[in-house]
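Observations on chain architecture
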Amino acid sequence: MGSSTPQLKSPMVYTLSAISLVMLFVLYLAWRDDILLLPKPYQPKPDPLSSLDFVTRIPSRSLQCTTDTFNTGSWIHRPLQLKEDSIRGMEEAVNYHCRGNFPHKCYRRLDDNPSEFNRSHRIVDYAWEPETCALIEVDPRNLTGHLATHPLLMVGDSITQLQFESLNCLLGQDLTNVQHDANLTGGDPNVWAGQLVHPSRVDEKGAVTLAYMRSDYLVRLDDFKLMEPFDEEGYLIGKGSNFPWIHALDKFSYIIINTGPHWHADLKWGPHKSDKELLQAFTRGMDAVFKYLKEHVRQDQRVWIRSTPYGHAKCSKYKKPDIIPQVPTKKEGEYQWDLLESFDMVWKNWIEAEKDDRFRFLNVSLSNLRGDAHSSPDSDCLHTCLPGPVDDWNQLFFHDIAQAAVSMATVPES
Ligand SMILES: *[C@@H]1O[C@H](CO)[C@@H](O)[C@H](O)[C@H]1NC(C)=O
Ligand SMILES: *[C@@H]1O[C@H](CO)[C@@H](O)[C@H](O)[C@H]1NC(C)=O
Ligand SMILES: *[C@@H]1O[C@H](CO)[C@@H](O)[C@H](O)[C@H]1NC(C)=O
Ligand SMILES: *[C@@H]1O[C@H](CO)[C@@H](O)[C@H](O)[C@H]1NC(C)=O
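Starting afresh in each chain, residues are numbered from 1 along the sequence in its written order. Chains and ligands are labelled by the order in which they are written, letters from A for the one and numbers from 1 for the other. Local features are withheld for residues below a pLDDT of 70 in this predicted model, meaning they are given only at 70 or higher, and side-chain atom pairs are given and counted only at 80 or more; totals for whole chains, interfaces and linings count all residues. Calculation of side-chain values draws on the structure's entire complement of heavy atoms; hydrogens and water are dropped beforehand.

An unreviewed UniProt entry annotates the protein as Trichome birefringence-like C-terminal domain-containing protein of Absidia glauca. UniProt positions are given in the numbering used here, feature names are shortened, and annotations may be inferred rather than shown by experiment. Per UniProt, the comment on the protein under Sequence similarities (unreviewed entry) is "Belongs to the PC-esterase family. TBL subfamily."

In structure tokens form, the structure reads like this:
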């Protein structure tokens, strides 16, 4: 064999072979990078937030808003461009996917009062800008998918209902009516609950994604009991509902509660019908709520106490956002708006002192500057129009849900 093959033993061949061998060795070394001892490329630890499929933008940690820094800022005039001056044009511009109607959707009042559309437009022509921080941003559809397996319960008065309605619009693309009642009422026919479900779980018995239960005081006013289904509702100050809610907590990962606006000075709180007696009664009632929650909320659940926004007496005089908030006084308002901040501080102080990951405070004071955004300037100067500042509460809430989801993922379930 090979006798006909010319012998290639010129120096050139040796050189080429030697070069090839050296190159192979270099390749081998490159593959064994542990031998080469090249400095390892810098690999920053991935932010656990980036593992959440609903998070779309993560500001650097030092820039991320806290509930208070988010509320330090201003309303910037940034006119919203609508493709058409219509309900659809408005919903498209603010990314609303509303299911059904609701009294505070001012842009839909075309039949009763055509000028309300333009007023609604002027309200969203101002955008909230925090001064020094940024929010974690989320994809609303993926967030709704997350809530499908980590449901959210909202408990409180009509201001909480307003926040629920805003969520209905911001997340409504992937929410539908429940087909199987989730038994949030505990079987009590006198109680109702708002309940929506992600389409992926609509056939599942008892599945719920987003729920609202009306409780104006959170406790029964007669004895500060946290009621169970079929308990007597007891004494109420004024109109409203005070449904039981604690029996429903188990089903939910995220719970947001609030009370305040319906608490009034009353002879029930003491002989002087004074604010001092009222604040003491509120504190006792909330103490019962917090004690219950501390005992029963699981490590894999998160509870927010939301602050209450200012009301603005004679709010028809406001045509644009304030720079300095107009602190409400009792005499101007029908309700005791002057005490709402004191009520908030009861909770805020407790939560800050407790340092318990399960409890958070959600500050929504950016609404205090929006005397111009109220629902019916002649008669309702507490609720605001949708779309409007309540959508910003929910953007802050989404940011907080992202942080909560990460902290929940690192605790063992109990
Ligand atoms: C939503 O989640 C899906 C599945 O995890 C992912 O592929 C997609 O990129 C997410 N969308 C956005 C906008 O983050
Ligand atoms: C909300 O945040 C603002 C701005 O940081 C602060 O001035 C205000 O006291 C906070 N309100 C509550 C109820 O925490
Ligand atoms: C609403 O504003 C538009 C201009 O932006 C104006 O043409 C229209 O007349 C206004 N409608 C009402 C009912 O005021
Ligand atoms: C509904 O809930 C109540 C109490 O929370 C319970 O007693 C009852 O059995 C439940 N009903 C159904 C049909 O699951």
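What follows continues from the structure just given.
Another aspect to go through is the packing of aromatic side chains. Ring pairs (aromatic) are described by centroid distance and by the angle formed between their planes. Under the pairing criterion, centres of Phe, Tyr and Trp rings, with the six-membered ring standing for Trp, must be within 6.5 Å; the plane angle then separates stacked pairs below 30 degrees from edge-to-face pairs above 60, leaving the rest tilted. The final tally for this structure, using the stated rule, is 15 aromatic pairs. The rings of Tyr-217, Phe-224, Trp-263, Trp-269, Phe-282 and Phe-343 are connected pair by pair, giving a single aromatic cluster. Remark: a charge is flagged as sitting over a ring if the NZ atom of Lys or the CZ atom of Arg is within 6 Å of the ring centre and within 35 degrees of the ring normal. Looking at Arg-370, its charged tip hangs above the ring of Trp-75, at a distance of 4.5 Å from the centre.

What pLDDT conveys is the predictor's confidence in a given residue, as a value from 0 to 100. Residues of the protein with pLDDT of at least 70 account for 92%, and the chain-wide mean is 91. Low pLDDT (under 50) marks residues 1-5, which in the prediction has zero contacts with non-local residues, meaning those over four places away or in another chain. Should any heavy atoms of two residues lie within 4.5 Å, those residues are considered in contact.

With that out of the way, let us pick up the side chain of Thr-209. Of note, Thr-209 is situated in the loop between strand E7 (193-197) and strand E8 (210-214). Its relative accessible area of 1% is what places Thr-209 among the buried residues. A polar contact is formed between the side chain of Thr-209 and the backbone nitrogen of His-198, at a distance of 2.8 Å. In this structure, Thr-209 is in contact with Thr-144, Leu-147, Ala-148, Pro-151, Leu-152, Leu-175, Leu-196, Val-197 and His-198, ignoring residues within four places of it in sequence. Numbering of helices and strands runs from the N terminus, with a helix taken as a DSSP run of H or I at least four residues long and a strand as a DSSP run of E at least two residues long. When a residue's accessible area, from a 1.4 Å probe over protein chains only, is under 20% of the maximum for its type it is buried; when over 50% it is exposed; and in between it is partly exposed. Definition of a polar contact: a pair of N or O atoms within 3.5 Å, with one able to donate and the other able to accept a hydrogen when the atoms are protein atoms, and with sequence-neighbouring residues admitted only if both atoms are side-chain atoms.

Glancing now at the pairing of strand E3 (residues 126-130). Burial along E3 is one-sided: the residues Tyr-126, Trp-128 and Pro-130 are buried and none of Ala-127 and Glu-129 is. Inspection of the sheet shows strand E2 (residues 73-77) paired to E3 by five bridges, in the antiparallel sense. Pairing of Trp-75 across the sheet is with Trp-128, part of E3. The rule for pairing is simple: two strands pair if DSSP sees at least two bridges between them.

Let us look at the side chain of Asp-380. Inspection of the secondary structure assignment puts Asp-380 in strand E13 (residues 380-384). With near-sequence residues (within four places) excluded, Asp-380 lies in contact with His-104, Cys-315, His-374 and Ser-375.

A few words on helix H10 (residues 389-409). The length a helix should cover is 1.5 Å for every residue beyond the first. The terminal C-alpha atoms of H10 lie 31 Å apart, and with 21 residues this matches the ideal 30 Å at 1.5 Å per residue to within 8%. Within H10, 18 of the 21 residues are buried, which leaves it mostly tucked inside the rest of the structure.

Right, let's get into the site of ligand 2. Residues in close proximity to ligand 2 include Asp-68, Asn-71, Thr-72, Lys-348, Phe-361, Asn-363 and Ser-365, which together make up its full environment. Contact between ligand 2 and Lys-348: an oxygen atom at 2.6 Å from a side-chain N or O atom of the residue. Only the protein chains shown count as cover for residues, with accessible areas throughout obtained via the Shrake-Rupley method and a probe of 1.4 Å. Relative to its free-state accessible area of 360 Å², ligand 2 is covered by the protein chains to the extent of 71%. Residue proximity to a molecule or strand is established when one non-hydrogen atom of the residue lies within 4 Å of it.

Bringing the nonpolar core into the picture now. Each nonpolar core is a collection of buried residues, namely Ala, Val, Leu, Ile, Met, Phe, Trp, Tyr and Cys, held together in the definition by side-chain atoms within 4.5 Å. Membership of the largest hydrophobic core comes to 103 residues, with the highest contact counts inside it found for Trp-245, Trp-263 and Val-289. By residue number, the principal contributor to this core is H10, which donates 11 residues. Each residue touching Val-289, except ones within four places of it in the same chain, is listed here: Leu-218, Val-219, Leu-226, Trp-245, Ile-257 and Trp-347.

Before going further, it helps to examine the packing of helix H8 (residues 275-296) against helix H9 (residues 340-354). The N-to-C vectors of H8 and H9 enclose an angle of 35 degrees; their axes lie 10 Å apart at closest approach. Both H8 and H9 take part in a crossing whose hand is right-handed. Counting all contacts with H8, which are made through Leu-278, Leu-279, Phe-282, Thr-283, Met-286, Asp-287, Val-289, Phe-290 and Lys-294, the residues of H9 involved are Ser-342, Phe-343, Val-346, Trp-347, Trp-350, Ile-351 and Glu-354. Gly falls in the polar group here, along with every residue not listed as nonpolar (Ala, Val, Leu, Ile, Met, Phe, Trp, Tyr, Cys, Pro) or charged (Asp, Glu, Lys, Arg). Across the contact of H8 with H9, the residue classes tally to 11 nonpolar, two polar and three charged. A fitted line through C-alpha atoms represents every axis, and for helices the fit uses only the stretch in contact; the resulting angles, taken between N-to-C directions, go from 0 to 180 degrees. For any pair of crossing helices, the crossing counts as left-handed if the nearer helix is rotated counterclockwise from the farther one by less than a right angle, and right-handed if it is rotated clockwise.

Let us look at the sheet that holds E7. Taken together, seven strands build an open sheet; the order of strands is E6-E7-E8-E5-E9-E10-E11 and the sheet is mixed. This sheet does not close on itself; its edge strands, each paired only once, are strand E6 (176-177) and strand E11 (359-362). Two strands pair when backbone bridges link them, and E6 and E7 are joined in this way by two bridges, in the antiparallel orientation. Paired with Asn-177 across the bridge in E7 is Leu-196. Along the sheet face, H8 touches strand E9 (254-257), strand E10 (302-306) and E11 and points at about 135 degrees away from the line of E11.

Inspection of the secondary structure assignment puts Val-303 in strand E10. With 10 residues separating them along the chain, Val-303 and Leu-293 place their C-alpha atoms 8.6 Å apart. Not counting residues up to four positions away in its chain, the partners in contact with Val-303 are Ile-255, Leu-293, Val-297, Arg-358, Phe-359 and Arg-360.

With that out of the way, let us pick up unusual backbone geometry. Between Leu-386 and Pro-387 the backbone carries a cis peptide bond, its omega angle lying at -5 degrees. Counting through the fold element by element, Pro-387 comes out in the loop between E13 and H10. Located in the positive-phi region is Leu-218, a residue other than glycine, with phi close to 75 degrees. Inspection of the secondary structure puts Leu-218 in the loop between E8 and E9. Phi at Phe-224 takes a positive value of approximately 55 degrees, unusual for a residue other than glycine.

Turning to the packing of helix H7 (residues 158-170) against H10, a few remarks are in order. As a packed pair, H7 and H10 sit with axes 9 Å apart at the nearest point and diverge in direction by 75 degrees. In this view, H7 runs roughly perpendicular relative to H10, as classed from their interaxial angle. Between H7 and H10, the contacting residues are Ile-159, Leu-162, Gln-163, Ser-166, Leu-167 and Leu-170 on the first element and Val-390, Asp-391, Trp-393, Asn-394, Gln-395, Phe-397 and Phe-398 on the second. Residue composition of the contact of H7 with H10, by class: eight nonpolar, four polar and one charged. The scheme is simple: roughly parallel for angles under 35 degrees, roughly antiparallel for over 145, roughly perpendicular for 65 to 115, oblique for anything else.

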